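Remarks on the overall topology
So you can see what is in the structure, the chains are spelled out below.
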Amino acid sequence: MLSGFELDLPDTLVGVLDLIADGRGTPAVPLAGGTSLIVDMRARRTMPNAVVWLGKIPELRGIQVTQDHVRLGPCTTVSDILNSDELAGSGVSLVRAAEAFGGQMVRNAATVAGNIACNSPASDLVPPLMALDAEVILESRSGSRTVALDRYFTGYKEDVRRTDELITGISWKRQEESSVDLFHKLARRKGDAITVVGVAVNMAVSDGTCMRARIALGAVAPTVLRAKRAESMLEGETLTPGLIEAAARQATEEASPIDDVRASATYRRHGIQVLTARLLTQAWGRLT
Amino acid sequence: MEVSLTVNGRNVSSDVEPRTLLVHLLREDLDLTGTHVGCESGYCGACTVHLDGKPVKSCTMLAVQAEGADITTIEGLANGELHAVQEGFWERHGLQCGYCTPGMIMSAAGMLAENDSPSEGEIKHGIEGNLCRCTGYHNIVKAIEYAAAKMRGDEPAEPEWEVSS
């Protein structure tokens, strides 16, 4: 049984923003799919006094692909991502992550904004989104702002979102033809398991030179993070097996994995090395 | 607060607390105890029901989140005769203790509604959110293969215990 709370079901975004601002004298916590929040409430890890359900506002769910951008509504489910033909052409690493995410029941309920807002370092959707240079749109009664996903997380279970702000969109630029984005999830089993190491790579190549390299790592630090020094070793270069190995080694040094019930820190570092090198090799191979 | 929804084709309304989970509305208010509570934390899948035709875990949803939705539980799956997945679990011994069975069947039915020719790997992907503590997975996969064949109008493969070695 959950601890008691006030529940509101507004049918407009303005209604949500009023409630999370301080609508009943206490800021309400947004609820989307509930696959993380309800579990945390059941375990008494969080005990909000007020909850506001977002499911009465259909405009919050959906995938928009324009000439230049992809935008996901915050309540877009993991299944929506997995079944999207449009994303298969402009965010395939995100589709791979959606496939590896939970089981079908969780995919049918869990949302993209929920996967960001729950602040898990082991999030599956965040590494590919971060490698795609995605931005998070935050709205409150006092206005809206856009934050690079790469700057969204500030520490373990900490982020830049104020309690009066709602994630109202996630967007990224559509990738050029000569680019590849890849994701690999390593876990103790294939299905419905918490990630041990997640690696997303996004690369663009022009005339045999790596023009853009993104490496995002999940479950190996207090937050999902980009291995920026490893990325900068690759940009402007013609990749060789030796350079890829060196960049992958650099990525392991930018992570700070821990020992836990799922894997040791040593195993996680090895996983980063192997998977980063593998994905960089695959991306380079497809683009040259 | 009042919640109105359709459960197994019947319109129902119930006065629930905000904290009431969908699984508790089904089991305690509507007496539909075929949907099981296992872990009550999203891991085991024993509480799986269909919401607007899609499998979800009814222990990680508030009852109010099902407002206006069309819910199908294990009790509503059969239509006069056993659903092909139920028949498959019967014919291919897809259960031992039976605790995970309603959730396994609802997940399998949800998967087969989208793909009636799943490979063994796709079947396992479809039931990855369901745990069987008897570890009877082998026969569960066989039961779902049986159901898939029936739904396609094909003859199911002979049970393994009938195949001479």
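Residues numbered from 1 in each chain as written. Chains lettered and ligands numbered in written order. Predicted model: local features only at pLDDT ≥ 70, side-chain atom pairs only at ≥ 80, totals over all residues. Heavy atoms only, no water.

**A look at the sheet that holds strand β5 (residues 69–72) of chain A**
The strands that make up a sheet are held in pairs by hydrogen bonds between backbone atoms, and each pair lies either parallel or antiparallel. All names here are of chain A. Here is the rule we go by: Note on pairing: DSSP must find at least two bridges between two strands before they are called paired. Segments assigned H or I by DSSP are reported as helices when at least four residues long, segments assigned E as strands when at least two residues long, and all are numbered from the N terminus. Where helices are involved, their axes are fitted lines through C-alpha atoms of the stretch in contact, as for all axes, and angles between N-to-C directions lie from 0 to 180°. Pairs of residues are marked as contacts when any of their non-hydrogen atoms sit within 4.5 Å.
In space, the five strands of this open sheet follow the order β4-β5-β10-β6-β7, with antiparallel pairing throughout. Each edge of the sheet is formed by a strand with only one pairing partner; in this case those strands are β4 (63–65) and β7 (143–148). Strand-to-strand, the axes of this sheet are offset by a mean angle of 20°, without reference to chain direction. In this sheet, strand β10 (residues 166–173) lies alongside strand β6 (residues 135–140) in antiparallel orientation, the contact comprising five bridges. Within the sheet, the bridge partner assigned to Glu135 lies in β10 and is Ser171. Relative to the sheet, helix α1 (residues 13–22) contacts β6 and β10, its axis offset from that of β10 by approximately 120°.

**Some details on the interface of chain A and chain B**
Test applied: The buried area of a pairing is the accessible area, by a 1.4 Å probe, that goes missing from both parts when the two are put together, added over both. Just to be clear on terms, a salt bridge is a Lys or Arg side-chain nitrogen sitting within 4 Å of an Asp or Glu carboxyl oxygen. Identification of polar contacts relies on pairs of N or O atoms within 3.5 Å, with a donor-acceptor requirement for protein atoms, meaning one able to donate a hydrogen and the other able to accept it, and with residues adjacent in sequence counted only if both atoms are side-chain atoms.
Between chain A and chain B, the contact holds 27 residues from the first and 27 residues from the second. Across the chain A/chain B interface, buried area totals approximately 2,300 Å², and carbon plus sulfur atoms make up 61% of it. Sorting the residues of chain A by area buried against chain B places Leu7, Gln104 and Met105 of chain A first, and these three jointly supply 26% of that buried surface. Applying the counting criterion to the chain A and chain B interface returns three salt bridges. The partner of Glu128 of chain B in a salt bridge is Arg107 of chain A, with the nearest N and O atoms 3.0 Å apart. Linking chain A with chain B are eight residue pairs in polar contact (both at pLDDT 80 or more).

**Comments concerning the domain arrangement of chain B**
You'll often see interface size given as the accessible area lost when the parts meet. Residues and elements named next belong to chain B. Note the cut-off: Those domain boundaries reflect an automatic or database domain assignment. The residue classification treats Ala, Val, Leu, Ile, Met, Phe, Trp, Tyr, Cys and Pro as nonpolar and Asp, Glu, Lys and Arg as charged. All others, Gly included, are polar.
Under the domain assignment, chain B is made up of domain 1 (2–77) and domain 2 (84–152). Distance from the C-alpha centre of domain 1 to the C-alpha centre of domain 2: 21 Å. In this complex, domain 1 contributes 17 residues to the contact, which on the side of domain 2 involves 14 residues. For the domain 1 and domain 2 pair, buried surface summed over both sides reaches about 1,200 Å², with 61% attributable to carbon and sulfur atoms. Interface area lost by domain 1 to domain 2 is led by His36, Ile74 and Leu77, which between them contribute 35%. The interface formed by domain 1 and domain 2 includes one salt bridge. When residues of the side of domain 1 that touches domain 2 are traced back to their parent elements, those giving at least two are β3 (48–51) and β4 (54–57). Among the elements that take part in the side of domain 1 that touches domain 2, β4 stands out by supplying three residues, more than any other. Broken down by class, the residue content of the side of domain 1 that touches domain 2 amounts to seven nonpolar, eight polar and two charged.

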